[in-house]
Number of protein chains: 2
Amino acid sequence: MTEKTAPRRTQAERRRASREKIIREASRLFAEYGYRGAKLAEIAQAVGMSEPGLLHHFPSKEHLLIAVLEERDRVDHERFGQAILEERLPLMEGLRALVAHNETVPGLVQLFIVLAAESIQPEHPAHGYFSQRYQQVRESMMTLLQKAQQKGEIRTDVPAEHLTAMVLALMDGLQIQWLFHPEQVKMSAVFDSFLTLLKVTPPEETV
Amino acid sequence: MTEKTAPRRTQAERRRASREKIIREASRLFAEYGYRGAKLAEIAQAVGMSEPGLLHHFPSKEHLLIAVLEERDRVDHERFGQAILEERLPLMEGLRALVAHNETVPGLVQLFIVLAAESIQPEHPAHGYFSQRYQQVRESMMTLLQKAQQKGEIRTDVPAEHLTAMVLALMDGLQIQWLFHPEQVKMSAVFDSFLTLLKVTPPEETV
């Protein structure tokens, strides 16, 4: 292939653009057909590449999987995490917005929750990723919840550590029920009710 | 094989005993190696049967899987569900006991949560089972939570329907975190804190 007609992009830029396109199509196909169901050859075709061409960017399907997971984390972090950490978005509103956003991307939600559960097994290709992710997310969530407690925004009669595990567990568990019965289990509504439970109740509990 | 020395059990009794033994060993092996990892031949061997002998009782691995899942439900129902429904065990104590019991059977918990997530896909052999199970469990849980609300045992400012999805989601989600990090996420402690959130708080909220 001659590159005479290509715009003046460096090789690194072209490489990055290809990676982004592969990740985008892989996310779409993993979400639609599942990790096992989506074939590398199909992903390559969707990107307009040969399979060896794709493997040049991601040496295996597992590498591609991890890249897809990290990309979703990056996008979600940019959209919600960063705003919350920089206190431009109050924690409770941020979490509510994240749950509402998840309701618009069932394919990705399914991909994530299935892989999270499957990868409990230490041999699973995404085990390290999810193990680390839960730990990191718990750490930052706990810092945020502690701050909210100090500011008197949420109850303090339950340890922040427990609230942290609770918030994440609730999100994960609701996703399973919602994916089975989207008409019966409204993630956002249930999550809102949970936030009601966290509110500081009148005099006694405001420490 | 001659059956002259067998005690006077009817054929139906012997058949039932064999089924029970197969389910017991399959539960153990599914929990240890996962549904895919456990081979029918190994299960047959553990029971002291040939593979065709086992297939005589369960025509496929999927049939055996469903039997294992139903057996766990039956045992848990006998141990907790029935006592709660008959009001011999208060709901909150019963749920706490169930979570504590789950902490003693990580293999079964893992089997359940992985299959629940995997079977979101309509083609999965356990899809019908889990879809129905979530619906049934939500129905009975909601009745119990409504009763607890009427008796003034838990808050009424959040709909029972939302509390129902919340309790189940919390249990499922905590199992994932606990299986990844049993030292960091104590299911029982977190669940207890959740029960604290459900308590009716002093005057205003007692309707």
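Student: Quick one: what's the story with the overall build of chain A, residue by residue and with numbers?
Tutor: A count of helical and extended segments in chain A gives ten helices and zero strands. Counting helices and strands in the order they occur from the N terminus, chain A gives α-α-α-α-α-α-α-α-α-α. Once the C-alpha set of chain A is aligned to its principal axes, its extents read approximately 75 × 40 × 35 Å. In chain A, buried positions account for 47% of the 207 residues.

Student: How would you explain the environment of B:Glu183 if you had to name every residue and give the values?
Tutor: Assignment of secondary structure puts B:Glu183 in the loop between α8 (160-180) and α9 (187-198). Considered as a pair, B:Glu183 and B:His57 are 126 residues apart in the sequence and their alpha carbons are 40 Å apart.

Student: Quick one: what's the story with the relation of the copies chain B and chain A, residue by residue and with numbers?
Tutor: If you rotate chain B by 180° and push it 0.0 Å along the axis, it lands on chain A with an RMSD of 0.0 Å. Such a combination of rotation and displacement between the chain copies is what one expects of a two-fold axis. Here 100% of the interface residues in chain B have copies in chain A that are interface residues too; the copies meet face to matching face.

Student: If you had to explain the pattern of salt bridges to someone new, which residues and values would you point to?
Tutor: Residues and elements named next belong to chain A. Under the definition given, this model contains 22 salt bridges over all chains. With a shortest N-O distance of 2.8 Å, Arg-88 and Glu-86 are connected by a salt bridge. Classification of Glu-86 as partly exposed rests on a relative accessible area of 46%. Three or more residues joined by partner-sharing salt bridges are found here, namely Glu-71, Arg-74 and Glu-78.

Student: Give me the lowdown on the side chain of A:His181, citing residues and values where you can.
Tutor: One can find A:His181 in the loop between α8 (160-180) and α9 (187-198). Its relative accessible area of 7% is what places A:His181 among the buried residues.

Student: Can you lay out the domain arrangement of chain A for me, pointing to particular residues and giving the numbers?
Tutor: Residues and elements named next belong to chain A. Annotation of chain A at the domain level lists domain 1 (1-59) and domain 2 (69-205). Taking only C-alpha atoms, the centre of domain 1 and the centre of domain 2 are 31 Å apart. With five residues of domain 1 at the interface, the matching set in domain 2 holds six residues. Summing both sides of the interface, domain 1 and domain 2 together bury roughly 500 Å²; the carbon and sulfur share of this comes to 72%. Between the two partners, domain 1 and domain 2, sit zero salt bridges. Where domain 1 packs against domain 2, one counts zero residue pairs in polar contact (both at pLDDT 80 or more).

Student: Let's hear about the packing of α8(A) against helix α7 (residues 127-150) of chain B: which residues, and what values?
Tutor: Running from N to C, α8(A) and α7(B) point in directions that differ by 110°, and their axes come no closer than 10 Å. As judged from the angle between their axes, α8(A) and α7(B) are roughly perpendicular. Of the two elements, α8(A) crosses α7(B), and the hand of that crossing is left-handed. Contact with α8(A), carried on its side by A:Ile176, A:Gln177 and A:Phe180, involves B:His127, B:Phe130, B:Ser131, B:Tyr134 and B:Arg138 of α7(B) and no other residues of that element.

Student: With reference to specific residues and values, describe unusual backbone geometry.
Tutor: A positive phi angle, near 60°, is found at A:Glu87, a position not held by glycine. Taking relative accessible area as the criterion, A:Glu87 reaches 47% and is therefore assigned partly exposed.

Student: Tell me what's going on with the side chain of B:Gln110, and back it up with residues and numbers.
Tutor: Within the element layout of this structure, B:Gln110 appears in helix α6 (residues 106-118). Every residue in contact with B:Gln110, bar those within four places of it in the chain, is listed here: A:Ile120, A:Gln121 and B:Leu179.

Student: Which residues make up the packing of aromatic side chains, and what values go with them?
Tutor: Scanning the model with the defined rule gives eight aromatic pairs over all chains in all. Ring geometry for B:Phe191 against B:Phe194: centres 6.1 Å apart, planes inclined by 45°, an arrangement best described as tilted. Taken together, the residues B:Phe191 and B:Phe194, both in helix α9 and three residues apart, mark about one turn of the helix. Across the pair, exposure class does not vary: B:Phe191 and B:Phe194 are buried alike. The cationic tip of A:Arg72 hangs over the ring face of A:Phe112; the distance from NZ or CZ to the ring centre is 4.4 Å.

Student: Please give an account of α8(B) that cites residues and values.
Tutor: Helix length check: α8(B), at 21 residues, gives a terminal C-alpha distance of 31 Å against a target of 30 Å (1.5 Å per residue), a fit within 8%. Burial runs high along α8(B): 20 of the 21 residues are buried.

Student: Explain the interface of chain B and chain A to me, using residue names and the numbers behind them.
Tutor: Contact with chain B, which involves 52 residues of that partner, is made by 52 residues of chain A. Together chain B and chain A conceal approximately 4,300 Å² of surface at their shared face, both sides included; 66% is due to carbon and sulfur atoms. Sorting the residues of chain B by area buried against chain A places B:Ile120, B:Phe180 and B:Leu197 first, and these three jointly supply 17% of that buried surface. Counting the contacts that link chain B with chain A gives zero salt bridges. Seen at the junction of chain B and chain A, the total is 16 residue pairs in polar contact (both at pLDDT 80 or more). Elements represented by at least two residues in the side of chain B that touches chain A include exactly α1 (11-37), α6, α7, α8, α9 and α10 (202-205) of chain B. A total of 15 residues in the side of chain B that touches chain A trace back to one element, the largest contributor, which is α8(B). Among the residues making up the side of chain B that touches chain A, the classes are represented as 28 nonpolar, 15 polar and nine charged.

Criteria and thresholds
- Residues numbered from 1 in each chain as written.
- Chains lettered and ligands numbered in written order.
- Predicted model: local features only at pLDDT ≥ 70, side-chain atom pairs only at ≥ 80, totals over all residues.
- Heavy atoms only, no water.
- Helix = DSSP H or I, 4+ residues; strand = E, 2+ residues; numbered from the N terminus.
- Buried < 20%, exposed > 50% of the residue type's maximum accessible area, 1.4 Å probe, protein only.
- Least-squares fit on C-alpha atoms with pLDDT ≥ 70 in both.
- Contact = heavy atoms within 4.5 Å.
- Salt bridge = Lys/Arg side-chain N within 4 Å of Asp/Glu carboxyl O.
- Domains from an automatic or database assignment.
- Buried area = accessible area lost by both parts, 1.4 Å probe.
- Polar contact = N/O pair within 3.5 Å; in protein donor to acceptor, adjacent residues only side chain to side chain.
- Axes fitted to C-alpha atoms, helices over the stretch in contact; angles between N-to-C directions.
- Parallel < 35°, antiparallel > 145°, perpendicular 65-115°, else oblique.
- Left-handed = near helix turned anticlockwise from the far one by under 90°.
- Phe/Tyr/Trp six-rings, centres within 6.5 Å; stacked < 30°, edge-to-face > 60°.
- Lys NZ or Arg CZ within 6 Å of the ring centre and 35° of its normal.
- Expected span 1.5 Å × (residues − 1).
- Nonpolar A, V, L, I, M, F, W, Y, C, P; charged D, E, K, R; others polar.

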